[in-house]
Amino acid sequence: MKTWEKTREQNLVRHKSGRYYARTFNNNKEIWKSLRTAHFSVAKARLAQFLREHREKQVAGVSEASAKMTFGEALKIHLQNQADDVTIKPSTRHFWKQVFVALLKSWPGLADRELRRITKTNCNEWARRFRKVASPTRYNNTIAGLRHVFDVAIEAGIIYGNPASKLERVPVRAKHLALPSREQFLHLVEAVERAGAWCSRDCADLLRGLAFTGIRKGEAAQLEWRDMDFEADEILVRGDPETGTKNWTVRRVPMIPDARTLFERMRSERTDEPLSAKVFRVNEAQNAINSAARKLDIPRITHHDLRHLFATICIESGVDIPTVSRWLGHKDGGALAMKTYGHLRREHSIAQAQRVTFAPVAKQADVIAFAASA
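Reference entry: report on the structure contained in this document.

Rules used throughout
- Residues numbered from 1 in each chain as written.
- Predicted model: local features only at pLDDT ≥ 70, side-chain atom pairs only at ≥ 80, totals over all residues.
- Heavy atoms only, no water.
- Salt bridge = Lys/Arg side-chain N within 4 Å of Asp/Glu carboxyl O.
- Helix = DSSP H or I, 4+ residues; strand = E, 2+ residues; numbered from the N terminus.
- Buried < 20%, exposed > 50% of the residue type's maximum accessible area, 1.4 Å probe, protein only.
- Pairing = 2+ DSSP bridges.
- Expected span 1.5 Å × (residues − 1).
- Arc of directions from axis to C-beta.
- Contact = heavy atoms within 4.5 Å.
- Phe/Tyr/Trp six-rings, centres within 6.5 Å; stacked < 30°, edge-to-face > 60°.
- Core = buried A, V, L, I, M, F, W, Y, C linked by side-chain atoms within 4.5 Å.

Some details on the pattern of salt bridges
Side chains that carry opposite charge are capable of pairing whenever their charged atoms lie near each other.
Moving on, step 1. Counted according to the given criterion, the structure contains 22 salt bridges.
Moving on, step 2. Arg 208 is the salt-bridge partner of Asp 205, the closest N and O atoms lying 3.0 Å from each other. Separated by 3 residues within a single helix, Asp 205 and Arg 208 lie in helix H7 (residues 200-213), roughly one turn from each other. Like Asp 205, the residue Arg 208 is buried in the burial classification.
Moving on, step 3. One salt bridge in this structure joins Glu 219 and Arg 251, with 3.0 Å as the shortest N-O distance. One end of the pair, Glu 219, is in helix H8 (residues 217-221); the other, Arg 251, is in strand S7 (residues 251-254), and 32 residues separate them in sequence. There is no split in this pair, since Glu 219 and Arg 251 are both buried.
Moving on, step 4. Shared partners join several salt bridges into a network, and the residues in it are Glu 193, Arg 201, Asp 205, Arg 208, Arg 265 and Glu 269.

What about the environment of Ile 298?
Moving on, step 1. Relative to the elements of secondary structure, Ile 298 occurs in the loop between helix H10 (286-296) and helix H11 (303-316).
Moving on, step 2. As for Ile 298 and Leu 188, which are separated by 110 residues in sequence, their C-alpha atoms are 8.8 Å apart.

A few points about the sheet that holds S7
Moving on, step 1. One open sheet accounts for 3 strands, arranged S5-S6-S7; its pairing is antiparallel. Sheet topology places strand S5 (228-229) and S7 at the edges, where each strand pairs with a single neighbour.
Moving on, step 2. When S5 meets strand S6 (residues 234-237), the two strands line up antiparallel, connected through 2 bridges. When the sheet's bridge partners are listed, Met 228 is paired in S6 with Ile 235.

As for helix H3 (residues 90-106)
Moving on, step 1. Across its 17 residues, H3 extends 25 Å between first and last C-alpha, which sits within 8% of the 24 Å expected from 1.5 Å per residue.
Moving on, step 2. Along H3, the positions that sit buried rather than exposed are Arg 93, Trp 96, Val 99, Phe 100 and Leu 103. Viewed end-on, H3 has its buried residues packed into an arc of 120°, placing them on one side of the element. Opposite its buried face, H3 presents the exposed residues Ser 91, Val 101 and Lys 105, each directed more than 90 degrees away.
Moving on, step 3. Tucked into the core, H3 has its buried residues touching helix H2 (71-84), helix H4 (120-133) and helix H5 (136-155).

Here's the deal with the packing of aromatic side chains
Moving on, step 1. Counted under the stated rule, the structure contains 13 aromatic pairs.
Moving on, step 2. Ring geometry for Phe 95 and Trp 96: centres 5.4 Å apart, planes at 75°, overall edge-to-face.
Moving on, step 3. Seen in terms of ring centroids, Phe 310 and Trp 327 are 6.4 Å apart; in terms of plane orientation they differ by 45°. Their pairing is tilted. Taken together, the residues span a long stretch of sequence, with Phe 310 in helix H11 and Trp 327 in helix H12 (residues 321-328) at a distance of 17 residues. Judged on exposure class, the residue Phe 310 and its partner Trp 327 are both buried.

Some remarks on the nonpolar core
Moving on, step 1. Met 228, Phe 263, Val 279, Phe 280 and Leu 306 are the most contacted members of the largest nonpolar core, which totals 40 residues.
Moving on, step 2. Secondary-structure elements contributing two or more residues to this core are helix H6 (182-193), H7, S6, helix H9 (257-269), H10 and H11.
Moving on, step 3. The element best represented in this core is H7, accounting for 7 residues.
Moving on, step 4. If sequence neighbours within four positions are ignored, Phe 263 has contacts with Thr 213, Trp 225, Met 228, Phe 230, Ile 235, Val 279 and Phe 280.
Moving on, step 5. Core analysis: the next-biggest nonpolar cluster, separate from the first, contains 31 residues, Leu 75, Leu 115, Ala 153 and Ile 159 among them.

Interpretation in functional terms is not warranted from these geometric data alone.
And the structure:
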């Protein structure tokens, strides 16, 4: 038995005795604290209190040690706060680290500069340069990260205002979704299945599964046969065993007829597998997609495009956007889905336009015709 066992909570570990301990870092030094309990829920609550006190001491210590805090020192505290926050997923932490790497690269000497000597003019000059080379999304996220770091210094009482507070975000144009038609998708999957590789059929099944359910690639990788509720026509989407789904929730996605046919066929071919076995035998098929798209001379798509394809076809089939939003796992009541899928594809839009007319509608007489008797 291992002495220490990880839990699904960041910074929380379990000793072989059953007791829980908090584990974090300060200046590359490990800090351990017994939470004096063997109950997970109690340990989780005490962990949050410990991390909160740890952050307060850390900021206070820096404030007392030096009023000449540099941007790099404040950034280090900010990243540690993110590491201590159990609600932030590892992928999100990694994203913000990349944002700050780009920030420091675009602003030479920023890390060693005292926060008190960084002015609004300095921020505006950097923003003017960075806006020319960064995408709108990257630019907006970098501004947000810059403000967060200055907020650390404000909390420590080193500066009294955020010099980046007046930087304006730039508008982000909605991405145009160039999705395949139903026929193109079916031809693409058929080409993948007939490619001749050892995993060609498994790749095709993955593509069908993503398109027929709308789940994310990472969620599909965790699907097990026990998650298939054929009686209720539902799929239980759990996500990663450590971090869950993107929104930290377990959701149920209904099986459309195509999905049920797919999963029943796959299960009938693998009846000997336990319920804990993974449904999909491959986790990605981008190379197979690229090869098939070139062969068919159609635009390249990604795994995530199949999620868009599912949502678009659902909406075109008459499913309302709030319902599609719940199936996708959105938590905003449909706002993101409305923004992303509020438009219809051109061919569907043209077909629907033919139903609109200003011509008078002939009124039918309220007469019921009876067959003439002999």
